[in-house]
Each structure stands twice: as C-alpha cells, then as structure tokens.
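# Architecture and fold: a report
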Amino acid sequence: MRASLWIESENGLMINSDPILGGIIDKTIKTGEWFVIFHSDLIPTIEGLESKEKALQAFNDALKSVYQLS
C-alpha cells in the first residue's frame, strides 16, 4: 500500500489528497458524529461514526474491501 499522507486541521478535519486512495474524515457540527468521504467513486460515504479513530478504521477497512492493498 502506498504511504498515505493525512493533513489534519486544529478542529479534527483530516484530508488525504491521494486521487484514488484519499478522502476526507470530519465530524458534523450538529451531532458530533464522524463521517468519511472517499475520492474513489467505488466507495460510498460512511456516516454516524462515534470517533475519529473509528472513522479512520472505517476508511482503511473500506479501501481494503475495494482495492487489493499490500
């Protein structure tokens, strides 16, 4: 798997700019739940996650389920 480079803002927003394996991890203002948006059109948005850690795990799990990553 290529090394993924995440950039994180002070409020917790995380961005990975890889055009295929990247995406955005952030939380909603209203509920505080975390969500994941993928750059790949093959993976749907994931919402309603309890923490940033769970969002990052969901991101990685979704990528592995679609792409063969080493």
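In short, a report on the structure.

## Some words on the overall build of the protein
Tallying secondary structure elements over the protein gives one helix and five strands in all. Tracing the protein from N to C terminus, the helices and strands come up as β-β-β-β-β-α. A compact globule built from 70 residues would reach a C-alpha radius of gyration of about 11 Å, and the protein, at 12 Å, matches this within 12%. Seen through its C-alpha atoms, the protein measures out along the principal axes to roughly 35 × 20 × 20 Å. Burial statistics for the protein: of 70 residues in total, 31% are counted as buried. When contacts within the protein are restricted to residue pairs at least 6 apart in sequence, those whose partners lie at least 24 apart make up 23%. Here the protein displays about 4900 Å² of accessible surface, and carbon together with sulfur accounts for 55% of that area. Positive and negative side-chain charges of the protein, numbering 6 and 10 respectively, have mean locations separated by a distance of 2 Å.

## Considerations on the environment of Leu 5
By secondary structure assignment, the location of Leu 5 is in the segment before strand 1 (6-8). Taking the C-alpha atoms as reference, Leu 5 lies 8.3 Å from Ile 15; in sequence the two are 10 residues apart.

## A closer look at helix 1 (residues 52-66)
Its 15 residues place the ends of helix 1 21 Å apart at the C-alpha level, agreeing with the 21 Å of an ideal helix rising 1.5 Å per residue. What helix 1 keeps buried is the set Ala 55, Ala 58, Phe 59, Ala 62 and Leu 63. Buried residues of helix 1, viewed axially, fall in a sector of 130°; they line one side. The outward face of helix 1, more than 90 degrees from its buried face, is lined by the exposed residues Glu 53, Lys 64 and Ser 65. Next to the buried residues of helix 1 lie strand 1, strand 3 (23-27), strand 4 (34-38) and strand 5 (46-49).

## As for the pattern of salt bridges
One pass over the full model with this rule turns up two salt bridges. Between Lys 52 and Glu 8 there is a salt bridge; the shortest N-O distance is 2.3 Å. Separated by 44 residues along the polypeptide, Lys 52 in helix 1 and Glu 8 in strand 1 bring together distant segments of the chain. Classification of Glu 8 as partly exposed rests on a relative accessible area of 43%. Glu 50 is the salt-bridge partner of Lys 54, the closest N and O atoms lying 3.0 Å from each other. Here Lys 54 falls in the partly exposed class, since its relative accessible area comes to 43%.

Criteria and cut-off values
Residues numbered from 1 in each chain as written. Predicted model: local features only at pLDDT ≥ 70, side-chain atom pairs only at ≥ 80, totals over all residues. Heavy atoms only, no water. Helix = DSSP H or I, 4+ residues; strand = E, 2+ residues; numbered from the N terminus. Rg over C-alpha atoms; globule rule 2.2 N^0.38 Å. Buried < 20%, exposed > 50% of the residue type's maximum accessible area, 1.4 Å probe, protein only. Contact = heavy atoms within 4.5 Å. Areas by Shrake-Rupley, 256 points an atom, 1.4 Å probe, with all protein chains shown as cover. Lys, Arg positive; Asp, Glu negative; His and termini not counted. Charge placed at Lys NZ, Arg CZ, Asp CG, Glu CD. Expected span 1.5 Å × (residues − 1). Arc of directions from axis to C-beta. Salt bridge = Lys/Arg side-chain N within 4 Å of Asp/Glu carboxyl O.

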